[in-house]
Amino acid sequence: MAKHRSHSIEFKRQVEQEYLSGETLHGLARRHDLQRQLIRIWVSKYEEGAFDEDAQAADVIQAYEARIAALERLVGKQALELEFLKGALKNAPRPRNETTSVITGPMASPSRKDVD
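Once a new chain begins, its residue numbering starts again from 1 and follows that chain's sequence as written. Only residues with pLDDT of at least 70 get local features here, since the model is predicted, and only at 80 or more are side-chain atom pairs given and counted; chain-wide, interface and lining totals rely on the full set of residues. Side-chain numbers come from the whole structure's heavy atoms, not from hydrogens or water.

## Notes on the side chain of glutamate 16
1) Next: Think of it this way: any DSSP run of H or I at least four residues long counts as a helix, any run of E at least two long counts as a strand, and we number them from the N terminus. Relative to the elements of secondary structure, glutamate 16 occurs in helix H1 (residues 9–20).
2) Next: Buried and unpaired, glutamate 16 has arginine 13 as its nearest opposite-charge partner, separated by 6.1 Å.
3) Next: Here, two residues are considered to be in contact whenever any of their heavy atoms come within 4.5 Å of each other. When neighbours within four sequence positions are excluded, glutamate 16 is seen to be in contact with Val43 and Tyr46. Note on exposure labels: buried denotes an accessible area under 20% of the residue type's maximum, exposed denotes more than 50%, and partly exposed covers the range between, all computed with a 1.4 Å probe on protein chains only. The charged-residue count follows a simple rule in which Lys and Arg add positive charge and Asp and Glu add negative charge, with His and chain termini not counted at all. Note on definitions: salt bridges are taken to be side-chain nitrogens of Lys or Arg within 4 Å of carboxyl oxygens of Asp or Glu.

## Description of helix H3 (residues 36–48)
1) Next: Expected span of a helix, by definition, is 1.5 Å for each gap between consecutive residues, and there is one gap fewer than residues. In this model, H3 (13 residues) spans 19 Å end to end at C-alpha, consistent with the 18 Å of a helix rising 1.5 Å per residue.
2) Next: Along H3, the positions that sit buried rather than exposed are Ile39, Trp42 and Val43. Buried residues in H3, looked at end-on, bunch into an arc of 100°, giving them a common side.
3) Next: Of the surrounding secondary structure, the elements contacted by the buried residues of H3 are H1 and helix H2 (25–32).
4) Next: Two residues or fewer past H3, glycine 49 is found with a positive phi of approximately 90°. Arc definition: it is the arc formed by the directions from the helix axis to the C-beta atoms.

## Some words on the packing of H1 against H2
1) Next: Here H1 crosses H2 at 145°, and the two axes come no closer than 10 Å. The element H1 and its partner H2 pack so that their crossing is right-handed. Across from Phe11, Gln14, Val15, Glu18 and Tyr19 in H1, the residues of H2 making contact are Leu25, Leu28, Arg31 and His32.
2) Next: The residue makeup of the contact of H1 with H2, split by class, is 5 nonpolar, 2 polar and 2 charged. Throughout, an axis means a line fitted to C-alpha atoms (over the contacting stretch in the case of helices), and angles, computed between N-to-C directions, take values from 0 to 180 degrees. Handedness of a crossing is defined here by the sense of rotation of the near helix relative to the far one, left-handed for an anticlockwise turn of less than a right angle and right-handed for a clockwise turn. Ten residue types, Ala, Val, Leu, Ile, Met, Phe, Trp, Tyr, Cys and Pro, are classed as nonpolar, four, Asp, Glu, Lys and Arg, as charged, and the remainder, Gly among them, as polar.

Laid out in structure tokens, this is it:
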């Protein structure tokens, strides 16, 4: 099975420019060891403007904006959870006659010796 290869934008532009200058699909495919259909796809993408630097930059920006939106939704969800938990903590019943200090902890029960 053939290994999947990834080609740079510059290489794709070079191949499509050679094709548009009059080179045949068969000749390009043989020289660069590519399939003719792949060259056709690259040429059609070039004609659509997919290989323009501005189009690539727009794609990157769109991906970043989608990621930012997802992160903002996550932050909003966490903020709501925090507010809910803060409200629950304020409304939680507190034990009476017990110290609530984290440092000292609850008071110990007096023993029978201390009562007499």
